[in-house]
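A look at the structure
So the chains spell out like this:
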Amino acid sequence: RLQEIRRAGARTKNQIEKTTYLTSKAAATLVRSLQADLAHHKQQATVIRKAIHACLKQDAAMQQRFALLTSAKGVGEVTAVTFMAEVPDIHLFSHAKKLAVFAGLTPHFQHSGTRTPVSQPISKMGSARLRQAFYMAALTAQRFNPPIAQFAQRLRNKGKKPMLVNVAVARKLLQQLYAIDKHQTPFDPNYHMGLVSAGTA
């Protein structure tokens, strides 16, 4: 629900920005209506965040897991709790690649005769919530997570398109959280830099 409210808030912000192009007398009324919607989204998000944190406080193990996951740069509360909800036990996945498959963040190969397309879309199978959360988190991670930022820059230097870069970053960020959760160790930029460089996590 928090994901839905955040997306609704983002859409309302975009609508408010577009009102600057309006010249009709109805523009002011429209802006007031949209601002009221945005305030409502923010209020609802606050209510749900409080409920989430109240739930976390009831369980010491969940508190610890939440703290570990949010130690990764670019991973906020929405991404962390989505990960916790969709992946209740990290040991269900023997390898980070299997988790990426579960999230639908791996390439989906479609063959046509003997030809294989150079650029493949992601599979979009598995947990849509997990995929959406990490796709959005990838935008922030590219700015504040040093290993991820370097990885993204290497892809851009190779001429990869922005959407492909962000999908690859989302997958690497998911792999970072896999390592953090499985080994029960906070985010270490030096350690994760090695994982990203090696192409594993």
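All values reported here derive from a predicted model rather than from experimental measurement. (Residues numbered from 1 in each chain as written. Predicted model: local features only at pLDDT ≥ 70, side-chain atom pairs only at ≥ 80, totals over all residues. Heavy atoms only, no water.)

Thoughts on the side chain of Thr79
Following the sequence through the fold, Thr79 ends up in helix H4 (residues 77-86). In this structure Thr79 comes out as buried when scored by relative accessible area, which is 7%. In contact with Thr79, other than residues within four places in its own chain, are Ala133, Phe134 and Ala137. (Helix = DSSP H or I, 4+ residues; strand = E, 2+ residues; numbered from the N terminus. Buried < 20%, exposed > 50% of the residue type's maximum accessible area, 1.4 Å probe, protein only. Contact = heavy atoms within 4.5 Å.)

Observations concerning helix H7 (residues 146-157)
With 12 residues, H7 should reach 16 Å at 1.5 Å per residue; the first-to-last C-alpha distance of 16 Å fits that figure. Taken together, the buried positions of H7 are Pro147, Ile148, Phe151, Ala152 and Leu155. The buried residues of H7 occupy one face: seen down the axis, they fall within an arc of 130°. Gly159, located one to two residues past H7, shows a positive phi value of around 85°. (Expected span 1.5 Å × (residues − 1). Arc of directions from axis to C-beta.)

Quick notes on the packing of H4 against helix H6 (residues 128-144)
It is at 9 Å that the axes of H4 and H6 come closest, and there the two elements cross at 155°. Judged on the interaxial angle alone, H6 and H4 are roughly antiparallel. When the axes of H4 and H6 are compared, the crossing they make is left-handed. In contact with Thr79, Thr82, Phe83 and Glu86 of H4, H6 contributes Arg129, Leu130, Ala133, Phe134 and Ala137. Among the residues making up the contact of H4 with H6, the classes are represented as 5 nonpolar, 2 polar and 2 charged. (Axes fitted to C-alpha atoms, helices over the stretch in contact; angles between N-to-C directions. Parallel < 35°, antiparallel > 145°, perpendicular 65-115°, else oblique. Left-handed = near helix turned anticlockwise from the far one by under 90°. Nonpolar A, V, L, I, M, F, W, Y, C, P; charged D, E, K, R; others polar.)

Quick word on the confidence of the model for the chain
When pLDDT is low, close inspection of the predicted coordinates is not appropriate. Counting all residues, the mean pLDDT for the chain is 87, and 86% of those residues have values of 70 or more. No element of the chain has a lower mean pLDDT than helix H9 (residues 189-198), at 61, and none a higher one than helix H3 (residues 60-69), at 95. (pLDDT = per-residue confidence, 0-100.)

Re helix H2 (residues 27-57)
In a regular helix each residue adds 1.5 Å, so 31 residues correspond to 45 Å; H2 covers 45 Å between its end C-alpha atoms and thus fits that length. Along H2, the positions that sit buried rather than exposed are Ala27, Val31, Leu34, Leu38, His41, Ala45, Ile48 and Leu56. Its buried side turned inward, H2 meets helix H1 (2-18), H3 and H4.

Describing the packing of H1 against H2
Relative to each other, H1 and H2 sit at 160°, their axes nearing to 9 Å. Taken together, the axes of H1 and H2 lie roughly antiparallel to each other. For the element pair H1 and H2, the recorded crossing hand is left-handed. When H1 is examined against H2, the residues Leu2, Ile5, Arg6, Ala8, Gly9, Thr12, Lys13, Gln15 and Ile16 are found in contact with a partner set consisting of Leu34, Gln35, Asp37, Leu38, His41, Gln44, Ala45, Ile48, Arg49 and Ile52. Here the contact of H1 with H2 is composed, by residue class, of 9 nonpolar, 6 polar and 4 charged.

Description of the packing of aromatic side chains
The tally for this structure, following the rule as stated, stands at 2 aromatic pairs. Ring geometry for Phe93 versus Phe102: centroids 5.3 Å apart, planes at 50°, classification tilted. Its relative accessible area of 28% is what places Phe102 among the partly exposed residues. The ring of Phe151 has Lys172 sitting right over it, with the charged end atom 5.4 Å from the ring centre. (Phe/Tyr/Trp six-rings, centres within 6.5 Å; stacked < 30°, edge-to-face > 60°. Lys NZ or Arg CZ within 6 Å of the ring centre and 35° of its normal.)

Details of the nonpolar core
Formed by 39 residues in total, the largest nonpolar core has its most connected members in Phe83, Leu99, Leu130, Phe134 and Leu174. Counting residues per element, this core draws most heavily on helix H8 (residues 162-183), which supplies 10 residues. Not counting residues within four places of it along the chain, the set of residues in contact with Leu130 comprises Thr82, Phe83, Glu86, Val87, Leu99, Phe102, Ala103 and Leu174. Core analysis: the next-biggest nonpolar cluster, separate from the first, contains 5 residues, Leu2, Ile5, Ile48 and Val78 among them. (Core = buried A, V, L, I, M, F, W, Y, C linked by side-chain atoms within 4.5 Å.)

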